[in-house]
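Observations on chain architecture
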Amino acid sequence: MNIVMKNVRETPRESEGQHDATDAITGTSDHRKGNVYETTGSLNMYLGLHYPRSGNDKNMDPIFPHEHAPWHAVGFPQRVAQILVSLLPKNEDFPKRALDIGCAVGGSSFELAKVFHRVDAFDFSESFVNAAKRMQANEMIRFNVPVEAELSEEVTAMHDEDVTEEVRQRVHFFTGDACSLQDMVEKGLLSGHETYDGVLLANLLCRLPDPMACLNDLSQIVRKEGVVVIVTPYSWLCEFTPRERWLGGFTDPHTNESVYSKSTLQTVMESDGFEKIHEEQVPLIIREHQRKYQYIVSEATGWRKVK
Ligand SMILES: C[S@@+](CC[C@H](N)C(=O)[O-])C[C@H]1O[C@@H](n2cnc3c(N)ncnc32)[C@H](O)[C@@H]1O
């Protein structure tokens, strides 16, 4: 059963204080202007998050070295990809084809490509997808890491050593809209109905204008026994998702009961033919500057398609 909600699209705006509202939009087409994920500040931030080995002569660390530094929260894109791989059925038929929805600059996609024969990876942000393609071509991407107030260090984005040329070429990056998966299949952008063995949605759901549209189309593209991993901090903001489309985080005006996103997600996934096979808390840090980070605890849930 597909749960449908009214479709109203909004362009994401600046939010959460983690981006500089004055950031330049990085050479993108008009309809994407105003999207926070097209700014230079976001691009720098996500290159830092996805390529923690990035460095310069001074050997910049992803976290300022100190006692109790949360090293466990580094490498989030790689860790969530590993969760998906760990949940795949252990038979010869797997793992062939993966899909990374909202791939940003590609860190998870390359991690998936160490195991999957082919990885399709798309994002709404042209500047993110361009950067991912440049990382695929092993270009030297230089970007700024904030240090203190107006000071930053320029570093080079670097792959892990085991992201070889062969691994990189297994990924197919493109721009696309997670709320139009069915359209993307029809246009030949996605591989087809019930073809993906593994699908990853990392910190995507609460950045979508219509999360339900995305969830409802998942069952069309995942093959039987295939696995979907959804990772999210359920961090709903009206800038990204109209309030009437939040999966939870509010009080039901009729019953006066608290509605939690986790339980809505379970209802939707089960009604779309998935069974829950995993749950795990996944910390990550996003650098604001050398001495200030966002510490986020996303929830990863794993879903096997049973119908
Ligand atoms: C919080 S970031 C997470 C990125 C990445 N998955 C990660 O874990 O680091 C949200 C991502 O979703 C992308 N995004 C937002 N709306 C989208 C849409 N409608 N379709 C595809 N990607 C979208 C953004 O461009 C951004 O890259």
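Residues numbered from 1 in each chain as written. Predicted model: local features only at pLDDT ≥ 70, side-chain atom pairs only at ≥ 80, totals over all residues. Heavy atoms only, no water.

An unreviewed UniProt entry lists the chain under the name Methyltransferase type 11 domain-containing protein, with Fistulifera solaris as the source organism.

Bringing the pattern of salt bridges into the picture now. If you walk through the whole model with that rule in mind, you get 18 salt bridges. Where Arg-97 meets Asp-120, a salt bridge forms, and the shortest distance between an N and an O atom there is 3.8 Å. In this pair, Arg-97 sits in strand E1 (residues 97-101) while Asp-120 sits in strand E2 (residues 118-123), placing the two residues 23 residues apart along the sequence. Of the charged contacts in the structure, one is a salt bridge between Glu-165 and Arg-168, with a shortest N-O distance of 2.7 Å. Residue Glu-165 and its partner Arg-168 are both found in helix H5 (residues 165-168); the two are separated by 3 residues, about one turn of the helix. The exposure class of Glu-165 is partly exposed, given its relative accessible area of 45%. Classification of Arg-168 as buried rests on a relative accessible area of 5%. Put simply, Lys-262, Lys-276, Glu-279 and Glu-299 are held in one network by salt bridges that share partners. (Salt bridge = Lys/Arg side-chain N within 4 Å of Asp/Glu carboxyl O. Helix = DSSP H or I, 4+ residues; strand = E, 2+ residues; numbered from the N terminus. Buried < 20%, exposed > 50% of the residue type's maximum accessible area, 1.4 Å probe, protein only.)

Two aromatic rings are characterised by how far apart their centres lie and by the angle between their planes. Enumeration according to the criterion identifies 6 aromatic pairs in this entry. Residues Phe-122 and Phe-174 carry aromatic rings whose centres are separated by 5.6 Å and whose planes lie at 25° to one another, so their mutual orientation is stacked. Of this pair, Phe-122 sits in strand E2 while Phe-174 sits in strand E5 (residues 171-175), placing them 52 residues apart in sequence. An identical accessibility class is assigned to Phe-122 and Phe-174; each is buried. (Phe/Tyr/Trp six-rings, centres within 6.5 Å; stacked < 30°, edge-to-face > 60°.)

Close contact between helix H7 (residues 211-221) and helix H8 (residues 261-271) brings their axes to 9 Å; oriented N to C, the two are set at 35°. Crossing of H7 against H8: the hand is right-handed. Together, Met-212, Leu-215, Asn-216 and Leu-218 of H7 and Leu-265, Val-268 and Met-269 of H8 make up the contact between the two elements. In terms of residue class, the contact of H7 with H8 is built from 6 nonpolar, 1 polar and no charged. (Axes fitted to C-alpha atoms, helices over the stretch in contact; angles between N-to-C directions. Left-handed = near helix turned anticlockwise from the far one by under 90°. Contact = heavy atoms within 4.5 Å. Nonpolar A, V, L, I, M, F, W, Y, C, P; charged D, E, K, R; others polar.)

Here the focus is the sheet that holds strand E11 (residues 292-305). An order of E5-E2-E1-E6-E7-E11-E10 is seen for the 7 strands of this open sheet, with the pairing classed as mixed. At either end of the open sheet lies a strand with only one pairing partner, and these are E5 and strand E10 (274-289). Direction aside, neighbouring strands of the sheet carry axes that sit 15° apart on average. One ladder, built from 6 bridges, connects strand E6 (residues 196-202) with strand E7 (residues 222-232); its direction is parallel. Looking across to E7, one finds that Gly-198 is bridged to Val-227. Here H7 sits on the sheet and contacts E1, E6, E7, E10 and E11; the angle it forms with E7, its principal contact strand, is near 150°. (Pairing = 2+ DSSP bridges.)

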